[in-house]
Amino acid sequence: MTTQGQTELPTVLLIHQIDRHEGAWTILPLMTDFSVTYGRNSSWIFFCEEDTRIQVIKLVETLRRFDKSKEWFLGKALYDEESTIIHHYAFAENPSVFKFPDFAAGWALSIPLVNKLAKKLKSEPLKSDFTIDLKHEIALYIWQKGEGPHLTPVPEFCTDDVNSYKVDHCATTFSNFLPLCGEPVNKEDVFVAVKTCRKFHGDRIPVVKQTWEREAALIEYYSDYADISIPTIDLGIPNTDRGHCGKTFAILERFLNHTSPRTPWLVVVDDDTLISIFRLRKLLSCYDPNEPVFLGERYGYGLGTGGYSYITGGGGMVFSRAAVQKLLASKCRCYSMDAPDDMVLGMCFSGLGIPITHSPLFHQARPMDYPKDYLSHQIPVSFHKHWNIDPVKVYFTWLAPNTEESSNGKKVGYNREDL
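In this text, all values refer to a predicted model and were calculated from it rather than measured experimentally. (Residues numbered from 1 in each chain as written. Predicted model: local features only at pLDDT ≥ 70, side-chain atom pairs only at ≥ 80, totals over all residues. Heavy atoms only, no water.)

Topic: unusual backbone geometry
Thought 1: Between Ile-230 and Pro-231 the backbone carries a cis peptide bond, its omega angle lying at -10°.
Thought 2: The topology assignment puts Pro-231 in the loop between strand 12 (218-223) and strand 13 (232-234).
Thought 3: Positive phi outside glycine occurs at Phe-91, with the angle close to 50°.
Thought 4: Structurally, Phe-91 can be placed in the loop between strand 5 (77-78) and strand 6 (100-101).
Thought 5: Although it is not a glycine, Lys-385 sits at a positive phi angle of roughly 90°.
Thought 6: Among the structural elements, Lys-385 can be located in the loop between strand 21 (382-384) and helix 11 (391-398). (Helix = DSSP H or I, 4+ residues; strand = E, 2+ residues; numbered from the N terminus.)

Structure (structure tokens):
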């Protein structure tokens, strides 16, 4: 959204429609366009999520407090309490010193800063690297190792629910509900494939069985060894220490050829993924399985130089049957058995012109790897990894369905503070 003079209403832009950039969602590649199109007649570019609610008059009043001729980076500040892998252990000695914006509350760049970033991008193109946590990476890019502006916290940018008693001063609010576009899809419409291997049968599979397995009507465990007690299915693909491309493509072929054609959805998870199938069924009510849908937490690779987006595997990858059919009908396959499956799938779908569908409710890491303020306005669908946590406790604290949730979408009664 761009804000102009005092009397004009803002111009609203939808980033997914700026489709000449594969990496438009990473925002930085758009700075040149913003500078050229709005650099003379606008004062601010304001970014928000699709569920952010904006009081436009209050937003314009809030932005007027800042001198529009200066370089401003405004937002609701998040910070890491501990250094985390998703931020490459940045600011390891004191991670809380570095602030980055909560996109749900909205964030703003003054036009002088947009122009400066556009100029910098011309002389120094974006590195062909990974995009993992966009809000942190954008803040790092703007900060320029201390040469650029820090994020200035703005109390009027809020993530409180629109009905909260706290929102009188807020220019923005955010509804923390799980999308529901009709009845949740039936349990029998979701087939769950768990990737495992013999060395994890004893410690990871019991966690799945104690937690979310009961939510899945259709579930199979795929391993390098057939263990009747679980039971696991040996796909004939040896386990690899790195990527699992061979195994994942074997799962996709099996889903297409050995499950009922009336089962529209496939979910592929790791054996250390914690997931709420209950919530996923609500979320899937918003998608048409007759369309090629590939859903999860979106990462990017090389997007500054025309790379591709992909769904990161640990948080769970969701495929419509139509997406699996299109993928396997193409001849796109693993370049090696131990290639990273999620990245190869991203390349394949990108080549087929099938867009990635991102949901921030899937998580590649553990709850403590995210700022508490960021998770406080989410009803998460998944987390990943058992490292240094009690995964059963994490599941029952964050993901287990409860009676309150089924009636009104709110989560109550659990203490998340120690997780």
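Brief notes about the pairing of strand 2 (residues 44-47)
Thought 1: Of the two faces of strand 2, the one carrying Trp-44 and Phe-46 and the one carrying Ile-45 and Phe-47 are both buried.
Thought 2: Here four bridges tie strand 2 to strand 7 (residues 107-110), and the two strands are oriented antiparallel to one another. Looking across to strand 7, one finds that Phe-47 is bridged to Trp-107. (Buried < 20%, exposed > 50% of the residue type's maximum accessible area, 1.4 Å probe, protein only. Pairing = 2+ DSSP bridges.)

Regarding the sheet that holds strand 11 (residues 190-195)
Thought 1: Here seven strands make up an open sheet; going across it, the order is 13-12-11-14-19-16-20 and the pairing mixed. Across the chains shown, the open sheet's two edge strands, defined by having one partner strand only, are strand 13 and strand 20 (357-358).
Thought 2: With two bridges connecting them, strand 16 (residues 294-296) and strand 19 (residues 317-320) associate as antiparallel partners. Each residue of the ladder has a partner; that of Phe-294, found in strand 19, is Phe-319.

Topic: the layout of surface pockets
Thought 1: The space that makes up the second largest pocket amounts to roughly 930 Å³.
Thought 2: Along the wall of the second largest pocket there are 37 residues; nearest its centre are Asp-270, Gly-314, Gln-364, His-384 and Lys-385.
Thought 3: Considering each element in turn, the lining of the second largest pocket owes the most residues, three residues, to helix 9 (residues 341-352).
Thought 4: Considered class by class, the residues forming the lining of the second largest pocket number 13 nonpolar, ten polar and 14 charged. (1 Å grid on protein atoms, 1.4 Å probe; cavity = no way out; pocket = protein on both sides within 12 Å on 5 of 7 lines; lining within 4 Å. Points joined across faces, edges and corners; volume = space filled by probe spheres on them. Nonpolar A, V, L, I, M, F, W, Y, C, P; charged D, E, K, R; others polar.)

Details of the UniProt feature "domain: Fringe-like glycosyltransferase" (unreviewed entry) in the chain
Thought 1: When the UniProt feature table is mapped onto this chain, "domain: Fringe-like glycosyltransferase" (unreviewed entry) is found at residues 36-122 and 184-394.
Thought 2: Counted over residues 36-122, helix gives 28% and strand 21%. Its end C-alpha atoms are 13 Å apart.
Thought 3: Between the first and last C-alpha atoms of residues 184-394 the distance is 24 Å; the span itself is 27% helix and 21% strand. (UniProt positions renumbered as here; feature names shortened; annotations may be inferred.)

Notes on empty space enclosed by the protein
Thought 1: Enumeration over the complete set of coordinates arrives at one cavity of 30 Å³ or more.
Thought 2: By volume, the largest cavity amounts to about 30 Å³.
Thought 3: Across the lining of the largest cavity, the residue classes break down as three nonpolar, four polar and one charged.

Remarks on the sheet that holds strand 8 (residues 130-131)
Thought 1: If you walk across this open sheet you meet the three strands as 8-17-18, and the pairing is antiparallel. Both edges of this open sheet fall to strand 8 and strand 18 (308-311), since each of them pairs with a single strand only.
Thought 2: Direction of pairing for strand 17 (residues 298-301) relative to strand 18: antiparallel, over a ladder of four bridges. Its bridge partner lying in strand 18, Arg-298 is registered against Ile-311.
Thought 3: Against the sheet, helix 9 engages strand 8, strand 17 and strand 18, with an angle of about 130° to strand 18. (Contact = heavy atoms within 4.5 Å. Axes fitted to C-alpha atoms, helices over the stretch in contact; angles between N-to-C directions.)

A closer look at a nonpolar patch on the surface
Thought 1: A contiguous nonpolar surface patch, about 350 Å² in accessible area, is contributed by Ile-85, Tyr-89 and Trp-387.
Thought 2: Among the secondary structure elements, Trp-387 is positioned in the loop between strand 21 and helix 11. (Patch = residues over 30% accessible without salt bridge, like charges linked within 9 Å, V, L, I, M, F, W, Y side chains within 5 Å. Areas by Shrake-Rupley, 256 points an atom, 1.4 Å probe, with all protein chains shown as cover. Salt bridge = Lys/Arg side-chain N within 4 Å of Asp/Glu carboxyl O.)

Some words on helix 7 (residues 277-284)
Because each turn of an α-helix spans 3.6 residues, side chains separated by three or four positions in sequence point in the same direction.
Thought 1: Across the eight residues that make up helix 7, a large majority, seven, are buried.
Thought 2: Among all positions of helix 7, only Ile-277, Arg-279, Leu-280, Arg-281, Lys-282, Leu-283 and Leu-284 are buried.

Observations concerning the pattern of salt bridges
Thought 1: Throughout the structure, instances matching the rule amount to 15 salt bridges.
Thought 2: When the shortest N-O distance is used, the salt bridge between Lys-372 and Glu-81 registers 3.5 Å. In this pair, Lys-372 sits in helix 10 (residues 372-375) while Glu-81 sits in the loop between strand 5 and strand 6, placing the two residues 291 residues apart along the sequence.
Thought 3: A salt bridge links Arg-254 to Glu-220; the nearest nitrogen and oxygen atoms lie 3.1 Å apart.

Focus: the side chain of Thr-159
Thought 1: Structurally, Thr-159 can be placed in the loop between strand 9 (152-153) and strand 10 (172-174).
Thought 2: At 2.7 Å, the side chain of Thr-159 forms a polar contact with the side chain of Lys-76.
Thought 3: For Thr-159, the residues in contact, after removing those within four places along its chain, are Lys-76, Asp-102, Ala-104, Ala-105, Phe-174 and His-377. (Polar contact = N/O pair within 3.5 Å; in protein donor to acceptor, adjacent residues only side chain to side chain.)

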